Amino acid sequence: MTSFNEPQFMEALASLALINDHHEESHSVTAINDDCSHIYGFNKSSKPGPFFKSNHELSMLQKITAHRVLDYLEQRTIPGAPNEATLLQKASEFHQQHGDIINLLTQIQSQSPAMALAAEFKRASPSKGDIAPPHLRAGEQATLYAEAGAAVISVLTEGHWFKGSLEDLTEARLETAAWAAKCGKKRPVILRKDFCISNYMIAEAAAAGADTILLIVAITPKKLLREMIEYARSLGMEPLVEVHAAVELDVALEVGARVIGVNNRNLHTFQMDLATTDKTAEELVKRGCVFAHYRSAHDDRPQQYALCALSGMSSAHDVERYRQKGVGMCLIGESLMRAADPKAAIQSLCLDPADYEKYIAEANSASAYTGGNKIVKVCGITNPEDALVACQNGANLIGVIFAPKSKRCVTVEKARGVVDAVRKFGERSASLSFPEAAMESEGVSPLQSLIRKARALEDMARRPMVVGVFQNQSHDFIQEMVKECGLDLVQLHGKEGMEAANVSKCGAPAIRVVDIETHPDGTGAAAPDAVEKLLSEITTDPVAILLDTSIKGSAEGGGTGVTFDWSVAEKLQSNGLPVIIAGGLTPSNVKEAVTNVRPWGIDVSSGVEASPGKKDHGAVEKFVKGARDAAVEANKGF
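Computed from a predicted structure; not experimentally measured. (Residues numbered from 1 in each chain as written. Predicted model: local features only at pLDDT ≥ 70, side-chain atom pairs only at ≥ 80, totals over all residues. Heavy atoms only, no water.)

### Here we look at the packing of helix 16 (residues 384-392) against helix 17 (residues 412-425)
And then number 1: The interhelical angle for the contact between helix 16 and helix 17, taken along N-to-C directions, is 30 degrees, at an axis separation of 8 Å. In terms of orientation, helix 16 and helix 17 fall into the roughly parallel class. Of the two possible hands of crossing, helix 16 and helix 17 adopt the one that is right-handed. Only Gly 417, Val 418, Ala 421, Val 422 and Phe 425 of helix 17 make contact with helix 16, whose side of the interface consists of Pro 384, Ala 387, Leu 388, Cys 391 and Gln 392.
And then number 2: Residue classes in the contact of helix 16 with helix 17 are distributed as 8 nonpolar, 2 polar and no charged. (Axes fitted to C-alpha atoms, helices over the stretch in contact; angles between N-to-C directions. Helix = DSSP H or I, 4+ residues; strand = E, 2+ residues; numbered from the N terminus. Parallel < 35°, antiparallel > 145°, perpendicular 65-115°, else oblique. Left-handed = near helix turned anticlockwise from the far one by under 90°. Contact = heavy atoms within 4.5 Å. Nonpolar A, V, L, I, M, F, W, Y, C, P; charged D, E, K, R; others polar.)

Shown next, in the form of structure tokens:
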């Protein structure tokens, strides 16, 4: 791939304001200002001058877009490269052979009252690196999405940062169409997700089998945006027009966008704010735009628009939040790409409001936990690099140890580094907080309380959380570390007792460790009354119970590298108590643990280390993947 420099990037972006523009009067300062004032860093001036402000630094979004401009300028000079007319002829032949384009707006509205899902195939991203293994086939993944109810399949086709291709898109289109024909169902809409900057790219998308394309207001001059929308519609495509800021919504409405997607992530800064979609919905209501997807039986107004949320969602609660705002489609990518079972992950979103009502009723009833691994914790993390690897491989909880006797004890500075890395990966800037309803303990038994909190933690930990591990340390010290380091959770690993795990004492929700005694070689059954004793001792104070190995005769538990009698965990879960198991877990035995015990959570530390405090990245990947794969297989019988 050709390398370009910053001045070339700036010139490429500026050129978008002049594409297909042959009228000298429209090059005036006033016209350019009107066309580009919404673009980040644009030099709005009363006289001719540079396109960007003198001190402007291009954002990653702008660099990627500029690269696409230059890529296509170069590509179209290659001998034999198809021209636009050739692409349109190819598109016509494709649709004659494989079926017509499906209108995106119609597809979204047809899903009501269920939320339409755009499930994304994304191999990598600039902020997260590789997301999918190189061998993963787009057609196979897209078909899994379609089988689970996805109405739209979004395919990244940018090759450098996202490692996508038009071949991925065509494969997704053909294989989902074949699945639909076989099952007698309607196929999903195929979206080309890229940094489209020309009619040529739209024609290219149509020729590859796309039904629609993404147009990003933040990178597109108004005149070009209008032209591309009209061009797409001339081919039968209704484009998805992405906005983030209020000024971008103004532009989208002015140029006639009908399917408006809100990126909750600021693509210039990569900061995430789920309220961005809420605010956009409120703005549309103020302007009299009719878009409500999930509406009352008395509202029979024709829906002029569809509002879509394009980033940051991962749970049924996120979907419901936007359903109540009138959102018609949610786009979810990374969490589905990382899921061991994409179909189960989609089902857990409760796209149909009836499914969400059932989910809430079950959660509030705190019915017994029935088994199945949901939480993976990687503990003993001492540096940001290891934390990032754990996050990338799908760990839910990242443990940092503050117990001074541990070889993996961290300083405040090191803990902050880990927290910063985990927050950046999860695209958040503050600690995560449990819902008040989950923490309410009045009128519920300890068992009901722990089941309710476990379900809440499952949802929250779709974005990795940082757990501070303490052992017989004062609550003042624990609260100080929570505040200083930004911990999401704490874990009490000493002799503090159940009541010590109360959030008011720790400054954050706490996991309570219970030691299960065994011999140094890992043999020896637990005490006959171990299960009954623990069930009688639990309180409503902790958010979860973690079982770890304690060596007979040792003063303290934890960090032994030895397994305990797993039948204790099985029996506790048979009594409805979700537990995390730790002690002696490794990549070689994690599948056995998950398959035979079906624990709610698993916790590993020394089992994936190259040396104390330094993780073996390959072992982390093997451990998490082994746990996820085993969980999928174990759940097939339930």
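What follows continues from the structure just given.
### Quick look at the packing of aromatic side chains
And then number 1: Considering all chains together, one arrives at 8 aromatic pairs under this definition.
And then number 2: Where Phe 4 meets Phe 9, the ring centres are 6.4 Å apart and the plane angle is 55 degrees; that geometry is what we call tilted. The burial state of Phe 4 is the same as that of Phe 9; both residues are buried.
And then number 3: Aromatic side chains Tyr 356 and Tyr 359 sit 6.1 Å apart centroid to centroid with 40 degrees between the ring planes, which places their arrangement in the tilted category. Of this pair, Tyr 356 and Tyr 359 are both found in helix 15 (residues 353-365), 3 residues apart, which corresponds to roughly one turn of the helix.
And then number 4: With a relative accessible area of 13%, Tyr 356 lands in the buried category.
And then number 5: Residue class for Tyr 359 comes out partly exposed when judged on its relative accessible area of 22%.
And then number 6: Members of the aromatic cluster, connected to one another through ring pairs, are Phe 42, Phe 51 and Phe 52. (Phe/Tyr/Trp six-rings, centres within 6.5 Å; stacked < 30°, edge-to-face > 60°. Buried < 20%, exposed > 50% of the residue type's maximum accessible area, 1.4 Å probe, protein only.)

### Looking at the pattern of salt bridges
And then number 1: Enumeration over the complete set of coordinates arrives at 37 salt bridges.
And then number 2: A salt bridge links Glu 320 to Arg 323, with the shortest nitrogen-to-oxygen separation between them at 2.7 Å. Remark: Arg 323 and Glu 320 occur in helix 12 (residues 316-323); sequence separation between them is 3 residues, near one turn of the helix.
And then number 3: Among the residues examined, Arg 323 registers a relative accessible area of 1% and is labelled buried.
And then number 4: Across the pair Asp 459 and Arg 462 runs a salt bridge whose closest N-O atoms are separated by 3.5 Å.
And then number 5: Take Arg 462: its relative accessible area is 35%, and that puts it in the partly exposed class.
And then number 6: Sharing partners across several salt bridges, the network here consists of Arg 68, Asp 71, Arg 192, Asp 194 and Glu 204. (Salt bridge = Lys/Arg side-chain N within 4 Å of Asp/Glu carboxyl O.)

### Examining the sheet that holds strand 7 (residues 240-243)
And then number 1: Strand order in the closed barrel formed by 8 strands is 1-4-5-6-7-8-9-10, and the pairing between neighbours is parallel. Ignoring strand direction, the axes of neighbouring strands in this sheet form an average angle of 25 degrees.
And then number 2: Relative to strand 5 (residues 189-193), strand 4 (residues 152-156) runs parallel, the two being bridged by 5 bridges. The residue bridging Val 155 from the neighbouring strand is Arg 192, located in strand 5. (Pairing = 2+ DSSP bridges.)

### With respect to helix 23 (residues 567-574)
For the α-helix, the turn length of 3.6 residues means that residues three or four positions removed from each other point alike.
And then number 1: Those residues of helix 23 not exposed but buried are Val 568, Ala 569, Leu 572 and Gln 573. Looking straight down helix 23, one finds its buried side chains confined to an arc of 130 degrees; they lie on one side.
And then number 2: Positive phi appears at Gly 576, one or two residues downstream of helix 23, with a value of about 95 degrees. (Arc of directions from axis to C-beta.)

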